[in-house]
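Topology and contacts: notes
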Amino acid sequence: MTPSAESSRLAAADAGTQDWRLWGPYLAGRQWGTVREDYSADGDAWAYLPFDDSHRRAYRWGEDGIAGLTDAHGFLALALALWNGRDDRLKERYFGLTNGQGNHGEDVKEYWWHIDATPTHSYAETLYRYPQGAFPYAALLAESARRGREVAEFELADTGILDGDRFFDVRVVHAKAAPDDICVEIQATNEGPDAAPLHLVPQLWFRNTWAWGRDDRIPSLRLTSGPGEAVAIEAHHDFLGDLRLEVDDPEARALFCDNETDSVALFGTESNRTPWPKDGVGRAIVDGDEHMVNPAGTGTKAGIHRVWEAVAPGETVRLRLRLRPASATGPAFAGSVDPRGSSDAGDGGGGGDRDGFEEVVTRRREEAEAFYAEVLPDYVDDVDRVVARRAFAGLLWCK
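In this report, the structure presented in the accompanying data block is examined.

We now examine the overall build of the protein. From N to C terminus, the protein includes eight helices and 19 strands. Rg of the C-alpha trace for the protein: 21 Å, near the compact-globule value of 21 Å for 399 residues, within the 12% margin. Principal axes of the C-alpha set define a box for the protein whose edges measure 60 × 55 × 45 Å. For the protein, with 399 residues in total, the buried portion stands at 56%. Sequence-distant contacts, at least 24 apart, represent 69% of the contacts inside the protein between residues at least 6 apart. Of the roughly 16,900 Å² that the protein leaves accessible, carbon and sulfur atoms contribute 50%. With 43 positive and 68 negative side-chain charges, the protein shows a separation of 2 Å between the mean positions of the two kinds.

Moving on: the pairing of strand S10 (residues 181-190). When you tally the buried positions in S10, you get nine out of ten residues, the bulk of the element. The loop that links strand S9 (residues 167-178) with its antiparallel partner S10 comprises two residues. Summarising the sheet, S10 and strand S19 (residues 316-325) pair through eight bridges and their orientation is antiparallel. Bridge assignment links Thr 189 to a residue of S19, and that residue is Thr 316.

Along the chain, the position of Asp 87 falls in the loop between strand S4 (82-83) and strand S5 (96-97). Nearest to the buried, unbridged Asp 87 among oppositely charged side chains is Lys 91, at 5.7 Å. Ignoring anything within four residues of it in the chain, the contact list for Asp 87 reads Tyr 130, Gly 133, Ala 134, Phe 135 and Val 286.

Moving on to the sheet that holds S10. Overall, antiparallel pairing links the nine strands, which are arranged S7-S8-S9-S10-S19-S15-S14-S13-S17 in an open sheet. The outermost strands of the open sheet, each flanked by one partner alone, are strand S7 (112-117) and strand S17 (298-299).

Before going further, it helps to spend a moment on the packing of aromatic side chains. In this structure the tally under the stated criterion is 16 aromatic pairs. For the pair Tyr 94 and Trp 112, a centre-to-centre distance of 4.0 Å together with 15 degrees between the ring planes defines the contact as stacked. Of this pair, Tyr 94 sits in the loop between S4 and S5 while Trp 112 sits in strand S7, placing them 18 residues apart in sequence. Given a relative accessible area of 27%, Trp 112 falls into the partly exposed group. Relative to Tyr 128, the ring of Tyr 94 lies with its centre 6.0 Å away and its plane at 45 degrees, an arrangement referred to as tilted. Within this pair, whereas Tyr 94 is found in the loop between S4 and S5, its partner Tyr 128 is found in strand S8 (residues 123-131), the two being separated by 34 residues in sequence. Pair check on accessibility: Tyr 94 and Tyr 128 agree, each one buried.

Before going further, it helps to examine the packing of helix H1 (residues 5-15) against helix H7 (residues 357-375). Contact geometry of H1 with H7 gives a least axis separation of 7 Å together with a crossing angle of 85 degrees. For the element pair H1 / H7, the angle class is roughly perpendicular. Touching Ala 5, Glu 6, Ser 7, Arg 9 and Leu 10 of H1 are Arg 364, Glu 367, Phe 371 and Glu 374, all from H7. Partitioned by chemical class, the residues of the contact of H1 with H7 number three nonpolar, one polar and five charged.

With that out of the way, let us pick up H1. Within H1, burial applies to Ala 5, Glu 6, Ser 7, Arg 9, Leu 10, Ala 12 and Ala 13. Those residues of H1 that are buried are in contact with H7. Gly 16 sits one or two positions beyond H1 and adopts a positive phi of about 80 degrees.

Helix length check: H7 (19 residues) gives 27 Å between terminal C-alpha atoms against 27 Å at 1.5 Å per residue, within 8%. Those residues of H7 lying buried are Phe 357, Val 360, Val 361, Arg 363, Arg 364, Glu 367, Ala 368, Phe 371 and Tyr 372.

One finds Trp 23, Leu 198 and Ile 304 to be the most contacted residues of the largest nonpolar core, which totals 56 residues. Grouped together as the second largest cluster of nonpolar side chains are 15 residues, Trp 32, Leu 49, Leu 140 and Phe 167 included.

We now examine the pattern of salt bridges. Following the criterion strictly, the structure yields 39 salt bridges and no others. Of the charged contacts, one joins Arg 9 and Glu 367 as a salt bridge, the two residues approaching to 3.0 Å between their closest N and O atoms. With Arg 9 in helix H1 and Glu 367 in helix H7, the pair connects residues that are 358 residues apart, well separated along the chain. With respect to class, Arg 9 is no different from Glu 367; both count as buried. Two residues, Arg 283 and Asp 262, come together in a salt bridge whose shortest N-O distance is 3.9 Å. With Arg 283 in helix H6 (residues 280-286) and Asp 262 in the loop between strand S16 (253-257) and helix H5 (263-267), the pair connects residues that are 21 residues apart, well separated along the chain. Residue classification places Arg 283 among the partly exposed positions, given a relative accessible area of 25%. Look at the salt bridges and you will find they share partners, linking Glu 185, Asp 248, Arg 318, Arg 320 and Glu 358 into a network.

The rules we used
- Residues numbered from 1 in each chain as written.
- Predicted model: local features only at pLDDT ≥ 70, side-chain atom pairs only at ≥ 80, totals over all residues.
- Heavy atoms only, no water.
- Helix = DSSP H or I, 4+ residues; strand = E, 2+ residues; numbered from the N terminus.
- Rg over C-alpha atoms; globule rule 2.2 N^0.38 Å.
- Buried < 20%, exposed > 50% of the residue type's maximum accessible area, 1.4 Å probe, protein only.
- Contact = heavy atoms within 4.5 Å.
- Areas by Shrake-Rupley, 256 points an atom, 1.4 Å probe, with all protein chains shown as cover.
- Lys, Arg positive; Asp, Glu negative; His and termini not counted.
- Charge placed at Lys NZ, Arg CZ, Asp CG, Glu CD.
- Pairing = 2+ DSSP bridges.
- Salt bridge = Lys/Arg side-chain N within 4 Å of Asp/Glu carboxyl O.
- Phe/Tyr/Trp six-rings, centres within 6.5 Å; stacked < 30°, edge-to-face > 60°.
- Axes fitted to C-alpha atoms, helices over the stretch in contact; angles between N-to-C directions.
- Parallel < 35°, antiparallel > 145°, perpendicular 65-115°, else oblique.
- Nonpolar A, V, L, I, M, F, W, Y, C, P; charged D, E, K, R; others polar.
- Expected span 1.5 Å × (residues − 1).
- Core = buried A, V, L, I, M, F, W, Y, C linked by side-chain atoms within 4.5 Å.

In structure tokens, the structure reads:
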């Protein structure tokens, strides 16, 4: 029996001939409040870096984001952020209660579902539910503090924020054309009865490895343009090399700042290490204050900002991105143009320049089906197959 394309990729990764595991969904959903980011005298990680500081404070050992991916070393991250026009901050990471805030301990107050994933992360799909009203941070904190251990947890749906289906279901797909060539598709559907605004703000940033006195090399992001005057971002890192994030939407703009702590806002210092600290993108979008985004179009953190003023009920909007080597010459989003003819990248090979975006996504989805048909025994019924696929997806997304 001929092995599936995904099995061939696994064999190539295990043999060390192709690093299909270099990029994957290794990005934490929540890095704030972990012992890795705790430098306190009393060892209270929750208090040292709480959720309210997370959008202004640079992490040292990891990063976090929604439906994100990063390299295996955690140097460069790409993740979803959103704004509904009502929240007091960008939705960049999952909100939750700390151990002392929840009546049953630590508890994330968000909804997301891991739909699919393959072991080499050649294909991955997840769904995030984003309310259209202002996220009820204060209500979740107050009611959870009021309840005792004998009472059920107070969940996001209990606040009424999702009543009438007033939310966006946001589906994110990752599909690799090659080990270092990743297609990302974001689709957001208005499930509610009324038109609603939506800002999609996928963000690309480097983990801050330079501010701690051990490595003074600073990577860089730089604004450039792609086909049709759509924005693109060039990234340079001494280990990862030169990469390029391309955007398939001429109406999107790019905002740049640095992944540095906003010490002025947090601690009342006289100045920051940079005029454009970590929360610069969020302040520009949410507060309309662009004095903390770099007008030169450079930095170590960038947000792709695409606005829909009114997404109709049932309407789905889409944003496509492609992260690949800067040396790639083929079209990022068009069909195949390679004069040598298309090649099945499922053989464990590359083919990044040969593969159009839609072809890559479709092929990897089909190959995921073939892989799990190979893995799951024939006697497993359809219901149990769905359960198993979702379970595997959760394990792979969270590894």
